[in-house]
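Architecture at a glance
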Amino acid sequence: MNTKKFSYEGRHFASLQEMTEVLLHEVNEQIIRMDMGVIKNIPENRNYSKWRLLQLQFYFADTVPEEYRSTYNSLWSQLYRLEHQDTFRHPYLKLLLEQLHA
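Residues numbered from 1 in each chain as written. Predicted model: local features only at pLDDT ≥ 70, side-chain atom pairs only at ≥ 80, totals over all residues. Heavy atoms only, no water.

Now for the overall build of the protein. Secondary structure assignment for the protein yields four helices and two strands. In sequence order, the secondary structure elements of the protein are arranged as β-β-α-α-α-α. Computed over the C-alpha atoms, the radius of gyration of the protein is 17 Å, more than 25% above the 13 Å expected from 2.2 N^0.38 for a compact globule of 102 residues. Counting only C-alpha atoms and orienting by the principal axes, one finds that the protein spans roughly 65 × 30 × 25 Å. Every one of the 102 residues in the protein was classed for burial, and the buried ones make up 28%. Restricting to contacts in the protein with at least 6 residues of sequence separation, those with at least 24 account for 61%. Carbon and sulfur atoms make up 56% of the accessible area of the protein, which amounts to about 7,300 Å² in all. Each charge class in the protein can be summarised by its mean position, and for the 12 positive and 13 negative side chains these summaries are 4 Å apart. (Helix = DSSP H or I, 4+ residues; strand = E, 2+ residues; numbered from the N terminus. Rg over C-alpha atoms; globule rule 2.2 N^0.38 Å. Buried < 20%, exposed > 50% of the residue type's maximum accessible area, 1.4 Å probe, protein only. Contact = heavy atoms within 4.5 Å. Areas by Shrake-Rupley, 256 points an atom, 1.4 Å probe, with all protein chains shown as cover. Lys, Arg positive; Asp, Glu negative; His and termini not counted. Charge placed at Lys NZ, Arg CZ, Asp CG, Glu CD.)

Written out as structure tokens, the structure is:
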């Protein structure tokens, strides 16, 4: 019998449901910490959440189960909001914007 293994960063989970709940919780906690100012809203801190959501996307095979869809989409939306609140701009994009405004 071939059982599918669910793991992330060296942690192994008994089921996709368990992994989903743990990773969604971790993402939510990280976003809350950024919103409260406990940690900085910088790419490295956002990537913590992004990689967890991408890992779930891999296991979902691009079809998020209905029971998690609302939470999953909301967390992506919150990350998008945080990215646009950050003043970081890629150097190439910054150069293009400067040339556009000149």
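Read on for the rest.
Confidence in the prediction of the protein, expressed as mean pLDDT, is 88, and 92% of residues score 70 or more. Across the protein, the secondary-structure element scoring lowest on mean pLDDT is helix 4 (residues 91-101), at 79, and the one scoring highest is helix 1 (residues 16-36), at 95. (pLDDT = per-residue confidence, 0-100.)

A few words now on helix 3 (residues 66-85). The end-to-end C-alpha separation of helix 3 is 29 Å, in line with the 28 Å expected for 20 residues at 1.5 Å each. At its buried positions, helix 3 is contacted by helix 1 and helix 2 (43-60). (Expected span 1.5 Å × (residues − 1).)

Bringing the packing of aromatic side chains into the picture now. Per the counting criterion, the structure on display carries four aromatic pairs. With centroids separated by 6.4 Å and ring planes inclined at 80°, the aromatic side chains of Y72 and W76 adopt a geometry described as edge-to-face. Remark: W76 and Y72 occur in helix 3; sequence separation between them is four residues, near one turn of the helix. On the basis of relative accessibility, which here comes to 25%, the residue W76 falls in the partly exposed class. (Phe/Tyr/Trp six-rings, centres within 6.5 Å; stacked < 30°, edge-to-face > 60°.)

What follows deals with unusual backbone geometry. You will see that E9, though not glycine, has its phi angle at about 50°, which is positive. Mapping E9 onto the fold places it in the loop between strand 1 (6-8) and strand 2 (11-13). The exposed category is assigned to E9, whose relative accessible area is 55%.

Turning next to the nonpolar core. For soluble globular proteins, the rule of thumb is that nonpolar side chains tend to be buried together. Grouped together as the largest cluster of nonpolar side chains are 19 residues, with contacts concentrated most on M19, L24, I31, L53, L56, Y72 and L75. For this core, the elements supplying multiple residues, two or more each, are strand 1, helix 1, helix 2 and helix 3. The leading source of residues in this core is helix 1, at six residues. L56 has contacts with M19, T20, L23, L24 and Y72, leaving out every residue within four places of it along the chain. (Core = buried A, V, L, I, M, F, W, Y, C linked by side-chain atoms within 4.5 Å.)

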